[in-house]
Amino acid sequence: MVSACINHLLSQPMWLVLVSSLGLLSFLKTSTSLLKWVYATFLRPKKNLRDYGSWALITGATDGIGKAFAHRLAQRDLNLILVGRNPTKLETVSREIQAEHPGTKIKTVVFDFSSEASAGVRSIIEKATEGLDVGLLINNLGITYPAASFFHEVDEKVWMDIVRVNLVGSSRVTQAVLAGMIERKRGAIINIGSGAASAMPSHPLFTIYAATKAYIDQLSRCLYVEYKRCGIHVQCQAPCTGTAICCNKNDCKSSFDSEIILVHTITRSLRRGCDWSSRLRSTVCSLLGSLVSMVAGLLASRARS
Ligand SMILES: NC(=O)c1ccc[n+]([C@@H]2O[C@H](COP(=O)([O-])OP(=O)(O)OC[C@H]3O[C@@H](n4cnc5c(N)ncnc54)[C@H](OP(=O)(O)O)[C@@H]3O)[C@@H](O)[C@H]2O)c1
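Let us look at the structure shown here.

Reading guide: rules and limits
Residues numbered from 1 in each chain as written. Predicted model: local features only at pLDDT ≥ 70, side-chain atom pairs only at ≥ 80, totals over all residues. Helix = DSSP H or I, 4+ residues; strand = E, 2+ residues; numbered from the N terminus. Buried ≥ 20, exposed ≤ 12 C-beta atoms within 10 Å, placed from the backbone. Contact = placed C-beta atoms within 7 Å. Axes fitted to C-alpha atoms, helices over the stretch in contact; angles between N-to-C directions. Parallel < 35°, antiparallel > 145°, perpendicular 65-115°, else oblique. Left-handed = near helix turned anticlockwise from the far one by under 90°. Nonpolar A, V, L, I, M, F, W, Y, C, P; charged D, E, K, R; others polar. Pairing = 2+ DSSP bridges. Right-handed = clockwise from strand over helix to strand, strands pointing away.

**Regarding the overall build of the protein chain**
Then comes step 1: A tally of regular secondary structure across the protein chain gives 11 helices and 6 strands.
Then comes step 2: For the protein chain, buried positions account for 34% of its 305 residues.
Then comes step 3: Put simply, of all contacts in the protein chain between residues at least 6 apart along the chain, 75% involve residues at least 24 apart.

Spelled out as structure tokens, the structure:
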């Protein structure tokens, strides 16, 4: 059987053998990375997030995904620094978490990232985190348009607010915590990107939002490479619209707890530069590509014989 296959292969023109071999190699390569992904996502033992440090800093922690993260990280025995612009909402969230997890220490930082003074956030965060073992940063804060709009019609203030909050704010908060992480030689930074940049080929009518999230995605990849030698893991999680629906704003413990998936994912996969869904997508695309190339090679060979 094997010798018949080899004979059949040898009777084929050289170019066909070469194309099929390339397809086979590529198939083996992508299958291996798919298996690695299955292991890293479902089988590898979970990380203890406290190994990065005993405090976690979360931006935009008074609602949605950020608030859900705060609850889940408190459950994992992390102390919290919650950053938001509304002192009353920060107070409420802190009280809620402390009622559930009385041992959790919570600090709050009030800051409006869309204000003209947004550049000052770095020193504010540095001061707030002084002397604290901040091991985990969740750069969750992000805003978008009030309604779908053509690029040339976007109000100047809306544009500037999105850039200040999504792009400048996340970058400065990251800078503020990095020095301490480098000193302690450990830390993890989770940047919340968006499917609008990482999954969709384009996201018209929300162009500035999608572009700032593409920045977050690439920032995370580059930081991952820059700082992995310092024991710091950087990852971009790219939720899609469903996350907001599942992570119901008024009920962070909805039956389909998508924030658990986020925390579950980071505990297993926090050694890589991009999140599991982006890796799965690229692996599946590449696997399909090599399958198509192999099938094309086989069909061409059949047609000739
Ligand atoms: N939800 C989704 O479907 C979805 C999909 C893809 C990506 N994402 C990304 O996931 C992240 C969280 O989204 P979300 O829907 O959970 O957000 P959200 O519910 O709208 O909550 C946003 C949080 O950010 C705070 N915030 C807004 N503007 C601020 C400012 N100028 N200064 C300081 N804090 C400010 C809000 O504070 P207040 O409570 O004071 O308003 C709130 O705590 C964002 O980065 C978003 O782009 C979300």
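**A word on the packing of helix α3 (residues 64–75) against helix α4 (residues 87–100)**
Then comes step 1: Taken N-terminus to C-terminus, the directions of α3 and α4 make an angle of 25 degrees; their axes are 10 Å apart at the nearest point. When the axes of α3 and α4 are compared, the pair comes out roughly parallel. Seen along the crossing, α3 lies across α4 with a hand that is right-handed. Within the contact between the two elements, α3 uses Lys-67, Ala-70, His-71 and Ala-74 and α4 uses Val-93, Ile-97 and Glu-100.
Then comes step 2: Grouping the amino acids of the contact of α3 with α4 by side-chain chemistry returns 4 nonpolar, 1 polar and 2 charged.

**A few points about the pairing of strand β3 (residues 106–110)**
Then comes step 1: Strand direction decides the pairing type here: strand β2 (residues 79–84) and β3, joined by 5 bridges, are parallel. Among the inter-strand pairings, Gly-84 is bridged to a residue of β3, identified as Val-110.
Then comes step 2: Traced from β2 through α4 to β3, the parallel crossover comes out right-handed.

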